[in-house]
Structure formats: structure tokens, C-alpha cells
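Residues per chain, in single letters:
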Amino acid sequence: MDPSVEVPGANRRMVKLGGFLSTRGHKIYPAATQASFKLKWLPQVTRPEYIAFAGKVRLGGMYALGKLTRTV
């Protein structure tokens, strides 16, 4: 997780969760291997991906996101 692309006012819990998943969540979502696969094509532009919730982040919303991305 690159702090330089963090959105001002980002939810601190989500930032911590994202950091945890990026370092220890390879069984849930293989982000490192996916990134290395995509970078082998030498992209000219890379853009960060964001998750947004209307209002507070709720456990049900996180579960729905997990189901949508097939990580749960």
C-alpha cells in the first residue's frame, strides 16, 4: 500500500486492513502475484484502485464486497 496515493480523510481502519491484507492476505487475495503478472507487460501508466462506501464502513458491506470479489 503506497501512502502517497491515499485519499485524504480515508477511514483509518480500512487503511490498516488494506495494509494487513497486502502483507499477509495472500491466501484471501493473491495481490502480489497478480501485480507481478501485470507488471511483466511493462505498462506505461499504473493507477491505484480504491474502495468507497457511502457513510460508515459496515461489516455487512465488507462481506458483500468479499462475496462480489469472490474472496469470501
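So, here is what we can say about the structure in this document.

About the criteria used
Residues numbered from 1 in each chain as written. Predicted model: local features only at pLDDT ≥ 70, side-chain atom pairs only at ≥ 80, totals over all residues. Heavy atoms only, no water. Helix = DSSP H or I, 4+ residues; strand = E, 2+ residues; numbered from the N terminus. Buried < 20%, exposed > 50% of the residue type's maximum accessible area, 1.4 Å probe, protein only. Areas by Shrake-Rupley, 256 points an atom, 1.4 Å probe, with all protein chains shown as cover. Phe/Tyr/Trp six-rings, centres within 6.5 Å; stacked < 30°, edge-to-face > 60°. Patch = residues over 30% accessible without salt bridge, like charges linked within 9 Å, V, L, I, M, F, W, Y side chains within 5 Å. Salt bridge = Lys/Arg side-chain N within 4 Å of Asp/Glu carboxyl O.

## Here we look at the overall build of the protein chain
Argument step 1. Along its length, the protein chain carries 3 helices and 0 strands.
Argument step 2. Listing each helix as α and each strand as β along the protein chain from the N terminus yields α-α-α.
Argument step 3. Projected onto its principal axes, the C-alpha positions of the protein chain cover 35 × 30 × 20 Å.
Argument step 4. When burial is assessed residue by residue, the protein chain has 6% of its 72 residues classed as buried.
Argument step 5. Approximately 6,800 Å² of the protein chain is accessible, and the part contributed by carbon and sulfur atoms is 62%.

## Here we look at the packing of aromatic side chains
The way to describe two aromatic rings as a pair is by their centre distance and the angle between their planes.
Argument step 1. Enumeration over the complete set of coordinates arrives at 1 aromatic pair.
Argument step 2. Where Phe37 meets Trp41, the ring centres are 6.1 Å apart and the plane angle is 85 degrees; that geometry is what we call edge-to-face.
Argument step 3. Since its relative accessible area comes to 46%, Phe37 is described here as partly exposed.

## What about a nonpolar patch on the surface?
Argument step 1. A surface patch of nonpolar side chains, amounting to about 430 Å² of accessible area, comprises Leu17, Phe20, Leu21, Ile28 and Tyr29.
Argument step 2. Positionally, Leu17 belongs in helix 1 (residues 12-24).

## Overview of the environment of Ala35
Argument step 1. Among the secondary structure elements, Ala35 is positioned in helix 2 (residues 31-39).
Argument step 2. With a relative accessible area of 35%, Ala35 lands in the partly exposed category.
Argument step 3. Along the primary structure Ala35 and Met14 are separated by 21 residues, whereas in three dimensions their C-alpha atoms are 20 Å apart.

## Quick word on unusual backbone geometry
Argument step 1. We note that Leu42 has phi near 50 degrees; this positive angle belongs to a residue other than glycine.
Argument step 2. In this structure, Leu42 sits in the loop between helix 2 and helix 3 (59-68).

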